[in-house]
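# Summary of structural features
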Amino acid sequence: MTQTQETGATNANVDRAEIAKFDALAGRWWDREGEFKPLHEINPLRLGFIDQHVSLAGKQVIDVGCGGGILSEAMAQRGATVTGIDLGEAPLSVARLHQMESGVEVDYRHASVETMAEERPGEFDVVTCLEMIEHVPDPSSVIQACAKLVKPGGHLFFSTINRNPKSYAFAILGAEYVLRLLPRGTHEYRKFIKPSELSAWCREYGLEFRNQTGLTYNPLTQRYRLTAHDVSVNYMVHVTPTWTGDADS
Ligand code: SAH
């Protein structure tokens, strides 16, 4: 439908209101007490989950919807060569500024995952796409593009929020209204994704679930933890391609 002016960002699978939401908050991306506090707090947990299933050192990684680079930098610090892509200009500027301060090298690009998949198919050992697919009009297109980006024998990681009454209560009412962990309007219930839906899309594009874990928040201790068997609200999956040898194109 619309062709954006920016190079590499031609694609209809983007909700401009979502991008504007993250753009507006971008200046506080690295403030550990700010709006992105939850991402900072879950980062060591999700990094641990990823590194447990695929040792990051020496790997070519693409971080899809990287935002201000919290996960991208952490993976680079574990020795991966990381490309971070996002369609938000402001989060990418913040990510680039932050890397100058931290000295951690990440190649940040303003590009859609669909465009990257056309340009660099089969180039990445690891594809991460965390807390992003619940913000796009067509999550299955993102899964398809991620499947194109991964090498045969590679690994993918997705995280999102489940859709059921409990996730509505916890992720929207609890997190945005009661505990105010996130700004109101961060998430829309109807865009949440059930693990069964995610796994159906994965199967459609030749990917299969290997491992999954929940991420739960305890308001009493104010801590997050990985909960292997409770994927009722936030969850993360490790997925691998079913094909081997040369990927067809
Ligand atoms: N993955 C990061 C940031 C999550 S916030 C992390 O977990 O730390 C969601 C990010 O998705 C924002 O940076 C937003 O700009 C980005 N985003 C939303 N829609 C997008 C799209 N269609 N293409 C690329 N990035 C998108």
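Values in this document were obtained by computation on a predicted structure and should not be read as measured data. (Residues numbered from 1 in each chain as written. Predicted model: local features only at pLDDT ≥ 70, side-chain atom pairs only at ≥ 80, totals over all residues. Heavy atoms only, no water.)

### Here we look at the overall build of the protein chain
Scanning the protein chain from terminus to terminus reveals eight helices and eight strands. Projecting the C-alpha coordinates of the protein chain onto the three principal axes gives extents of approximately 50 × 40 × 35 Å. Averaged over its 24 positive side-chain charges, the protein chain has a centre that lies 6 Å from the centre of its 32 negative ones. (Helix = DSSP H or I, 4+ residues; strand = E, 2+ residues; numbered from the N terminus. Lys, Arg positive; Asp, Glu negative; His and termini not counted. Charge placed at Lys NZ, Arg CZ, Asp CG, Glu CD.)

### Considerations on the site of the ligand
Taken together, 16 residues lie near the ligand, and Arg46, Gly65, Gly67, Asp86 and Leu130 sit nearest. When isolated, the ligand has an accessible area of 570 Å², and the protein chains bury 98% of it. Considering only residue class, the shell around the ligand consists of ten nonpolar, three polar and three charged. (Near = heavy atom within 4 Å. Areas by Shrake-Rupley, 256 points an atom, 1.4 Å probe, with all protein chains shown as cover. Nonpolar A, V, L, I, M, F, W, Y, C, P; charged D, E, K, R; others polar.)

### Some details on the nonpolar core
Ranked by internal contacts, the top residues of the largest apolar core, which has 31 residues, are Val64, Val127, Cys146, Phe158 and Leu198. For Val64, the residues in contact, after removing those within four places along its chain, are Ile85, Val113, Val127, Thr128, Cys129, Leu130, Met132 and Cys146. Formed by 22 residues, the second largest nonpolar core is a distinct cluster that contains Phe49, Ile50, Val54 and Phe157. (Core = buried A, V, L, I, M, F, W, Y, C linked by side-chain atoms within 4.5 Å. Buried < 20%, exposed > 50% of the residue type's maximum accessible area, 1.4 Å probe, protein only. Contact = heavy atoms within 4.5 Å.)

### Here's the deal with unusual backbone geometry
Backbone geometry places Glu131, a non-glycine residue, at a positive phi of 55°. Position of Glu131 relative to the elements: it lies in the loop between strand 4 (124–130) and helix 6 (139–149). Of note in the backbone geometry, Arg180 takes a positive phi value of approximately 55° without being a glycine. Turning to its location among the elements, Arg180 is positioned in the loop between helix 7 (165–178) and helix 8 (195–204). Taking relative accessible area as the criterion, Arg180 reaches 59% and is therefore assigned exposed.

### Observations regarding a nonpolar patch on the surface
Where nonpolar side chains cluster on the molecular surface, the patch consists of Tyr168, Leu173, Tyr177, Val178 and Leu179 and spans about 460 Å² of accessible area. Along the chain, Tyr168 falls in helix 7. (Patch = residues over 30% accessible without salt bridge, like charges linked within 9 Å, V, L, I, M, F, W, Y side chains within 5 Å. Salt bridge = Lys/Arg side-chain N within 4 Å of Asp/Glu carboxyl O.)

### A few points about the confidence of the model for the protein chain
With 94% of its residues at a pLDDT of 70 or more, the protein chain shows a mean pLDDT of 94. Taken as a whole, residues 1–9 scores under 50 in pLDDT and shows 16 contacts with residues more than four places along the chain or in a different chain. (pLDDT = per-residue confidence, 0-100.)

### Some thoughts on the pairing of strand 6 (residues 207–218)
Both strand 6 and strand 8 (residues 234–241) contribute to a ladder of eight bridges, which runs antiparallel. Among the inter-strand pairings, Leu215 is bridged to a residue of strand 8, identified as Asn234. Pairing between strand 6 and strand 7 (residues 223–227): five bridges, direction antiparallel. The residue bridging Tyr217 from the neighbouring strand is Tyr224, located in strand 7. (Pairing = 2+ DSSP bridges.)

### Thoughts on helix 4 (residues 89–102)
Over its 14 residues, helix 4 runs 20 Å from end to end, which matches the ideal 20 Å to within 8%, given 1.5 Å per residue. Listing the buried residues of helix 4 in full gives Pro91, Leu92, Val94, Ala95, His98 and Gln99. When helix 4 is viewed along its axis, its buried side chains cluster within an angular range of 160° and face the same direction. Along helix 4, the residues that are exposed and aim more than 90 degrees away from the buried face are Leu97, Met100 and Glu101. (Expected span 1.5 Å × (residues − 1). Arc of directions from axis to C-beta.)

### Quick look at the environment of Thr216
Turning to its location among the elements, Thr216 is positioned in strand 6. Considered as a pair, Thr216 and Val106 are 110 residues apart in the sequence and their alpha carbons are 29 Å apart.

### Topic: the packing of helix 2 (residues 37–53) against helix 3 (residues 70–77)
Packing of helix 2 against helix 3 brings their axes to within 10 Å, and their N-to-C directions diverge by 45°. The angle between helix 2 and helix 3 places the two elements in the oblique class. In this structure, helix 2 crosses over helix 3, and the sense of that crossing is right-handed. Facing Leu39, His40, Asn43, Arg46, Leu47 and Ile50 of helix 2, the residues of helix 3 in contact are Ile70, Leu71, Ala74 and Met75. Among the residues making up the contact of helix 2 with helix 3, the classes are represented as seven nonpolar, two polar and one charged. (Axes fitted to C-alpha atoms, helices over the stretch in contact; angles between N-to-C directions. Parallel < 35°, antiparallel > 145°, perpendicular 65-115°, else oblique. Left-handed = near helix turned anticlockwise from the far one by under 90°.)

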